[in-house]
Amino acid sequence: MAVVVARGKKVGLAVLSREHLDKFVKWVNDPEVTVYLNIQKVFTLEDELEWYEQVRKSGRDRVFAIVELESKRVIGVIGLHRISYYNRNAELGIFIGEKELWGQGYGEEAVKLMLDYAFNVLNLHMVYLRVKDFNRRAISCYRKVGFREAGRIRDMALQPDGYHDVILMDILEEEFNSRYESFYKRIQEKAAQSSAEAP
Ligand SMILES: CC(C)(COP(=O)(O)OP(=O)(O)OC[C@H]1O[C@@H](n2cnc3c(N)ncnc32)[C@H](O)[C@@H]1OP(=O)(O)O)[C@@H](O)C(=O)NCCC(=O)NCCS
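What counts and what doesn't
- Residues numbered from 1 in each chain as written.
- Predicted model: local features only at pLDDT ≥ 70, side-chain atom pairs only at ≥ 80, totals over all residues.
- Buried ≥ 20, exposed ≤ 12 C-beta atoms within 10 Å, placed from the backbone.
- Helix = DSSP H or I, 4+ residues; strand = E, 2+ residues; numbered from the N terminus.
- Pairing = 2+ DSSP bridges.
- Expected span 1.5 Å × (residues − 1).
- Near = placed C-beta within 6 Å.
- Nonpolar A, V, L, I, M, F, W, Y, C, P; charged D, E, K, R; others polar.
- Core = buried A, V, L, I, M, F, W, Y, C linked by C-beta atoms within 7 Å.
- Contact = placed C-beta atoms within 7 Å.
- Axes fitted to C-alpha atoms, helices over the stretch in contact; angles between N-to-C directions.
- Parallel < 35°, antiparallel > 145°, perpendicular 65-115°, else oblique.
- Left-handed = near helix turned anticlockwise from the far one by under 90°.

K.L.:
Could you clarify how one ought to interpret the pairing of strand β7 (residues 148–159) in this entry?
P.N.:
The side chains of a regular strand alternate between both faces of the sheet. For β7, the buried fraction is low: zero of the 12 residues fall into the buried class. When β7 meets strand β8 (residues 162–172), the two strands line up antiparallel, connected through eight bridges. Residue pairing in the sheet places L158 in a bridge with Y163 of β8. Count of turn residues in the β7/β8 antiparallel hairpin: two residues.

Here it is in structure tokens:
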């Protein structure tokens, strides 16, 4: 079961739980997924449990399961990492493990929900990410949402065909909030309205 905490049209963000980890083991050992990530080792269920406990206790990570709302199945994971409450920024990471769902707008929605949480719940100012230069699907997903290229680190990723650049992308809170309606602000407005109407 997944406890959904933020809803888009097709996907929601859900509380990450141990019961999702079996799926994660499948995904993080799939070379067609990991080619886009910074993962070189083989992961066991124990590794995933360790990661889960570390993330659960950490004040610098907020990680959610991505749930397809219609089927209620967990299809991937998204999170904010290296959160700095002083500088008000964090690094975004995402993958959709169910490959047949790539390229259908699920990533775009999940990233928007995560950014809404980052800017309107955690009060962050800027979110950045790193993406390998050949990951065209991810780059167009991030551009669609509003991320801009901030720079490029040359030869940062060594792939089977040689070195690749890693592109840095960023988005500011005002760029996000001027473009999208916030799920959390809507709830706030509703709560304020109902308390104003109360006798
Ligand atoms: C990256 C990821 C989260 C994006 O989610 P998604 O649901 O596939 O992305 P979206 O469908 O919202 O957007 C992808 C866009 O890229 C386009 N696209 C798909 N394949 C493409 C390709 N080979 N080249 C260029 N663009 C491509 C899609 O058409 C879509 O754009 P459109 O909506 O304008 O048509 C998902 O693909 C994924 O998990 N990939 C594997 C792991 C990964 O790369 N993680 C990110 C590491 S930085």
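K.L.:
For this particular structure, what's the right way to read helix α7 (residues 183–197)?
P.N.:
Turn by turn, an α-helix covers 3.6 residues, leaving residues three or four places apart pointing in a common direction. Helix length check: α7, at 15 residues, gives a terminal C-alpha distance of 21 Å against a target of 21 Å (1.5 Å per residue), a fit within 8%. Here α7 lies mainly on the outside; zero of its 15 residues are buried.

K.L.:
Can you help me understand the site of the ligand in this one?
P.N.:
Of all residues adjacent to the ligand, which total 22 residues, the nearest are Y36, G107, E108, R136 and C141. Those elements that place two or more of their residues in the shell around the ligand are β5 (89–96), α4 (106–120) and α5 (136–145). Grouping the amino acids of the shell around the ligand by side-chain chemistry returns 11 nonpolar, seven polar and four charged.

K.L.:
Just checking my understanding: could you explain unusual backbone geometry for this structure?
P.N.:
Working note: non-glycine residues mostly have negative phi, and peptide bonds are mostly trans. Of note, R82 is a non-glycine position whose phi angle comes to about 50°, a positive value. Mapping R82 onto the fold places it in strand β4 (residues 74–84). Among the residues examined, R82 registers 11 C-beta atoms within 10 Å and is labelled exposed.

K.L.:
Please clarify how the nonpolar core should be interpreted in this entry.
P.N.:
Soluble globular proteins tend to bury their nonpolar side chains together. Core analysis: the biggest nonpolar cluster contains 45 residues, and A65, I66, A110, M114, A118 and Y142 have the highest contact counts within it. Ranked by the residues each element gives to this core, the list is headed by α4, at nine residues. If sequence neighbours within four positions are ignored, M114 has contacts with L13, I78, L80 and L92.

K.L.:
Sorry, what's going on with the pairing of β4 here?
P.N.:
Pairing of strand β3 (residues 62–68) with β4 involves six bridges; the strand directions are antiparallel. Of the residues in β4, the one forming a bridge with V67 is V74. Where β3 folds back on β4, the antiparallel hairpin that results is connected by five residues, among which K72 adopts a positive phi of roughly 65°. Both β4 and β5 contribute to a ladder of seven bridges, which runs antiparallel. Following the sheet pairing, H81 is matched in β5 by E91. Here β4 hands over to β5 after four residues, with R88 in that stretch at a positive phi of 60°.

K.L.:
Please explain the packing of α4 against α5 as it appears in this structure.
P.N.:
The axes of two packed helices give the description: the angle between them and the distance between them. The N-to-C vectors of α4 and α5 enclose an angle of 50°; their axes lie 9 Å apart at closest approach. As far as their axial angle goes, α5 and α4 are oblique. Two packed elements cross with a definite hand, and for α4 against α5 that hand is right-handed. In contact with G107, E108, V111 and K112 of α4, α5 contributes C141, Y142, K144 and V145.

K.L.:
Please clarify how the environment of I78 should be interpreted in this entry.
P.N.:
Here I78 is to be found in strand β4. For I78, a count of 23 C-beta atoms within 10 Å gives the class buried. C-alpha of I78 to C-alpha of I66: the two residues are 12 residues apart in sequence and 6.7 Å apart in space.

K.L.:
Explain the sheet that holds β4 here, please?
P.N.:
Sheet strands line up and pair through hydrogen bonds in the backbone, either parallel or antiparallel. With mixed pairing, eight strands are arranged side by side in an open sheet as β1-β2-β3-β4-β5-β6-β8-β7. Of all the strands in the sheet, just β1 (4–7) and β7 have a single pairing partner and so form its edges. Taking the axes of each pair of neighbouring strands and ignoring which way they run, one obtains an average angle of 30° across the sheet. Where strand β6 (residues 126–132) meets β8, seven bridges bridge the pair, whose relative direction is antiparallel. Counted as the bridge partner of R130 is L168 from β8. Against the sheet, α4 makes contact with β1, β2 (11–15), β3, β4, β5, β6 and β8, and its axis sits at roughly 155° relative to β5, the strand it touches most.

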